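Observations on chain architecture
So you can see what is in the structure, the chains are spelled out below.
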Amino acid sequence: QVQLVESGGGFVQPGGSLRLSCAASGSIFSGNVMGWYRQAPGKERELVATITTIGSTNYADSVKGRFTISRDNAKNTVYLQMNSLKPEDTAVYYCYAFLGKVWGQGTLVTVSS
């Protein structure tokens, strides 16, 4: 069964950093565009970043310069490095595989003092 499993969420103070990981099983990772979405309480899910198979990236304006998406094709894993975190980054973060439309279960990131 195809799965995406996120890890790395947690509690951090404003200005801090976290790195999220998303491990893919099966054939979902190879040749697939991968992305991170987030959903804050009471808000719609929004796209945070995407990365193609050759490493081309795109970011939401709200995270440009602070977040970095990357992938390790040998490990079938995509990462989201989040720096200079703000309270408004608080959300459940989801990994997504565009081909196949597969979602991970989500990992909670809380930014608060």
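Scroll up for the structure.
Keep in mind that this is a model prediction, so the values were computed, not measured.

What follows concerns the state of the cysteines. According to the stated counting rule, one finds one disulfide in the structure shown. Residue Cys22 pairs covalently with Cys95 via a disulfide, S to S 2.1 Å. Looking down the S-S bond of the Cys22 and Cys95 bridge, the torsion is -85 degrees, so its handedness is left-handed. Pair noted here: Cys22 is in strand E3 (residues 18-24) and Cys95 is in strand E9 (residues 91-97), with a separation of 73 residues, a long-range link. Of the two residues examined, Cys22 and Cys95, each falls in the buried class.

Here we come to the pairing of E9. The buried count for E9 comes to six of seven residues, which makes it a mostly enclosed element. In the sheet, E9 pairs with strand E11 (residues 107-111) via three bridges, with the strands oriented antiparallel. Along E11, the bridge assignment pairs Ala91 with Val109. Here two bridges tie E9 to strand E10 (residues 102-103), and the two strands are oriented antiparallel to one another. Residue pairing in the sheet places Ala97 in a bridge with Val102 of E10. Hairpin connection, E9 to E10: the antiparallel pair is bridged by four residues, and Gly100 has positive phi, about 105 degrees.

For the rest of this paragraph, the subject is the pattern of salt bridges. Between side chains of opposite charge, a pair can form when the charged atoms approach closely. This structure, assessed with the given rule, holds four salt bridges. Here Glu46 makes a salt bridge to Arg38, at a shortest N to O gap of 2.7 Å. Given the relative accessible area of 34%, Glu46 is considered partly exposed. What makes Arg38 buried here is its relative accessible area of 6%. Of the charged contacts in the structure, one is a salt bridge between Arg38 and Asp89, with a shortest N-O distance of 2.9 Å.

Applying the stated criterion across every chain, the model contains six aromatic pairs. Ring centres of Tyr37 and Tyr96 lie 5.6 Å apart, and the angle between their planes is 85 degrees; on these two criteria the pair is classed as edge-to-face. Taken as a pair, Tyr37 in strand E4 (residues 34-39) and Tyr96 in strand E9 lie far apart in primary sequence, 59 residues in all. Accessibility assignment for this pair places Tyr37 and Tyr96 in one class, buried.

Reading guide: rules and limits
Residues numbered from 1 in each chain as written. Predicted model: local features only at pLDDT ≥ 70, side-chain atom pairs only at ≥ 80, totals over all residues. Heavy atoms only, no water. Disulfide = S-S within 2.5 Å. Helix = DSSP H or I, 4+ residues; strand = E, 2+ residues; numbered from the N terminus. Buried < 20%, exposed > 50% of the residue type's maximum accessible area, 1.4 Å probe, protein only. Pairing = 2+ DSSP bridges. Salt bridge = Lys/Arg side-chain N within 4 Å of Asp/Glu carboxyl O. Phe/Tyr/Trp six-rings, centres within 6.5 Å; stacked < 30°, edge-to-face > 60°.

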